[in-house]
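# Secondary and tertiary structure notes
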Amino acid sequence: MSFVEELRWRGMLQDIMPGTEDLLNKEKVAGYIGFDPTGDSLHVGHLTQIMTLIHFQNAGHKPVALVGGATGMIGDPSFKSAERNLLDEATLQHNVACLKKQLGKFLEFGEGENDAQMVNNYDWFKDFKFLDFIRDIGKMITVNYMMSKDSVKKRLEGDNGLSFTEFTYQLIQGYDFYYLWKHHNCKVQMGGSDQWGNIVTGSEMIRRQDQGTAYAITTQLIKKADGQKFGKTESGAVWLDPKKTSPYKYYQFWLNTSDDDAKNWIKIFTLKPQDEIASIIAEHDAAPHLRLVQKALAKDITIRTHSEEAYETAIKTSEFLFGNGSLEFLNNLDHEAVLEVFEGIPQFQVAKADLAAGINILDLLAVQTQVFPSKGEARKMLQGGGVSINREKATDIEESITENHLVNNKYIVAQRGKKNYYLIIAD
């Protein structure tokens, strides 16, 4: 199956410039997508473009990931309501390095004909002088052409207007395409459908300046079935960096999708073939309560974004929080990850030295912590079998809790009833 056919059946394709599919079917081509380094991590909103590059590479073409160290200093005005804060050079260079590391988890980088390549447009813009820019680049495209773009029109019609800084973004991104076409034989630019205007500006520069031909493909912008923006949760963006969004929360994001979304997203965000996806959807429809599509989607994308081990930890975390899973998985987590697991769950601290000597269970639960408001209530529930320490039922009011009870040499998980958890941290 060709690259364009792959995008079509997966429901990813939006616009394609005439001649692009013929070009890709007759020769191996270098094509690029730009990534904005305004943060030090990509998020799930970038995954459509990452998947596009993966399919491009799998079809035998050469994917080029352009990280916009220069354009990131300006900010893309396309369909934004206001100008963004500009970042300093040091921050941008840090972000670029982080993004390259993340993209390396999805693409095969190297020096081979089909290997992915990363470029940074700061490398060819850093020595540009203003007069050179307006003479050499500014003359390539007319103001009339730039003003005709929907993204520019909408900003000019809005309350905030459009600064000259942002107005030049179209020229800079267009020149990126021209530069890569001229110096890297990059014939195709890809991106989200909101980038069509910027992309065709580049192909127009190539035509006007060198009478060359370049091509363009855009993918559909992903939305939820209910119309809400994809990739946003109540707590904000869902990041690919495990320190910003834990693998457990990442897994849960995909697991908690609606049936309609999951059936679309398993085509877009996994590499599973058509017949396998059809089979998973058929099994899901026969028993929707098992959420087979969501589980297959969440497993695939969690493993590819993080690792098999991270996926297993996410499963064990889910089993612990929503079932009867053991606490053994905590032994493999650092402190920040443990706090992520127990986010929103009451936490208390005790001295490890006190545990070395042993703490009576009633004192631990009602004096040194506030798992219970009083020793009387703690005694009553203990004797009634309603208290667990590290998933083990506790009934002896004389029991001494010691360092031997610590999980990962630091934690005790107390449980009051079936659903009330408390994390006790020993320092």
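Residues numbered from 1 in each chain as written. Predicted model: local features only at pLDDT ≥ 70, side-chain atom pairs only at ≥ 80, totals over all residues. Heavy atoms only, no water.

## Observations concerning the nonpolar core
The tendency in soluble globular proteins is for nonpolar side chains to be buried as a group. Core analysis: the biggest nonpolar cluster contains 57 residues, and V44, L47, I50, W254 and F269 have the highest contact counts within it. Per-element accounting of this core gives the leading share, six residues, to helix 3 (residues 47–58). Excluding residues within four positions of it along the chain, F269 makes contact with L47, T48, M51, I222, F230, W254, L297, D300, I301 and R304. By size, the runner-up hydrophobic cluster in this structure holds 33 residues, among which are M17, V119, F167 and A214. (Core = buried A, V, L, I, M, F, W, Y, C linked by side-chain atoms within 4.5 Å. Buried < 20%, exposed > 50% of the residue type's maximum accessible area, 1.4 Å probe, protein only. Helix = DSSP H or I, 4+ residues; strand = E, 2+ residues; numbered from the N terminus. Contact = heavy atoms within 4.5 Å.)

## Some words on the sheet that holds strand 6 (residues 215–219)
Spatially, the six strands line up as an open sheet ordered 1-6-5-2-3-4, and their pairing is mixed. Sheet topology places strand 1 (13–16) and strand 4 (117–120) at the edges, where each strand pairs with a single neighbour. This sheet shows a mean twist of 25° between the axes of neighbouring strands, independent of strand direction. The pairing of strand 2 (residues 30–35) with strand 3 (residues 62–67) spans six bridges and is classified as parallel. Residue pairing for strand 3: A30 is matched across the bridge by K62. Contacts between helix 4 (residues 89–103) and the sheet are confined to strand 2, strand 3 and strand 4, with strand 4 contributing the most and set at about 165° to the helix. (Pairing = 2+ DSSP bridges. Axes fitted to C-alpha atoms, helices over the stretch in contact; angles between N-to-C directions.)

## Considering the side chain of Q49
Inspection of the secondary structure puts Q49 in helix 3. Judged by its relative accessible area of 12%, Q49 falls in the buried class. Within polar-contact distance, the side chain of Q49 engages the side chain of T219 at 2.8 Å. Leave out the neighbours within four places in its chain, and Q49 touches I33, F35, G191, G192 and T219. (Polar contact = N/O pair within 3.5 Å; in protein donor to acceptor, adjacent residues only side chain to side chain.)

## Remarks on the packing of aromatic side chains
By the definition in use, this model includes 22 aromatic pairs. Taken together through their ring pairs, the aromatic side chains of W124, F125, F128, F133, Y175, Y178, Y179 and W181 make up a single cluster. Its guanidinium or amino end placed over the ring of W239, K244 lies 5.4 Å from that ring's centre, counting from NZ or CZ. (Phe/Tyr/Trp six-rings, centres within 6.5 Å; stacked < 30°, edge-to-face > 60°. Lys NZ or Arg CZ within 6 Å of the ring centre and 35° of its normal.)

## So, the sheet that holds strand 9 (residues 347–350)
Reading across from one edge, 9-15-14-11-12 is the order of the five strands in this open sheet, with mixed pairing throughout. In this open sheet, the two edge strands, each paired with only one partner strand, are strand 9 and strand 12 (392–393). Sheet analysis places strand 9 next to strand 15 (residues 420–426), joined by four bridges and oriented parallel. Across the sheet, Q349 pairs through a bridge with I425, a residue of strand 15.

## Things to note about the environment of D176
For D176, the position within the fold is in helix 10 (residues 169–184). According to the relative accessible area criterion, D176 is buried, its value standing at 2%. With 108 residues separating them along the chain, D176 and G68 place their C-alpha atoms 9.4 Å apart. For D176, the contacting residues outside a window of four places in its chain are Y32, L66, T71, N121, W124 and F125.

## A few points about the pattern of salt bridges
Taken as a whole, this structure holds 14 salt bridges when the rule is applied. Taking the shortest distance from any N to any O, the salt bridge between E6 and R10 comes out at 2.8 Å. The exposure class assigned to E6 is buried, which follows from its relative accessible area of 16%. Among the salt bridges present, the one from R135 reaches D136, with a minimum N-O distance of 2.8 Å. Bridged by salt links that share partners, the residues D132, R135 and D136 form one connected network. (Salt bridge = Lys/Arg side-chain N within 4 Å of Asp/Glu carboxyl O.)

## Observations concerning the environment of P346
Structurally, P346 is set in the loop between helix 17 (335–341) and strand 9. P346 sits 340 residues away from E6 along the chain, and the two C-alpha atoms are 48 Å apart. Setting aside residues no more than four positions away along its own chain, P346 makes contact with Y421, Y422 and L423.

## Observations regarding the confidence of the model for the protein chain
This prediction gives the protein chain a mean pLDDT of 88; 95% of its residues lie at or above 70. Counting interchain partners and residues more than four positions distant, the pLDDT-below-50 stretch residues 79–84 has 19 contacts. (pLDDT = per-residue confidence, 0-100.)

## A word on the layout of surface pockets
By volume, the second largest pocket is sized at about 800 Å³. Forming the boundary of the second largest pocket are 28 residues, of which D241, P242, K243, P247 and H306 lie nearest the centre. Of all elements in the fold, only helix 4, helix 12 (247–255), helix 16 (308–322) and helix 17 reach the threshold of two or more residues within the lining of the second largest pocket. Looking at the lining of the second largest pocket, the element that brings in the most residues is helix 16, giving five residues. (1 Å grid on protein atoms, 1.4 Å probe; cavity = no way out; pocket = protein on both sides within 12 Å on 5 of 7 lines; lining within 4 Å. Points joined across faces, edges and corners; volume = space filled by probe spheres on them.)

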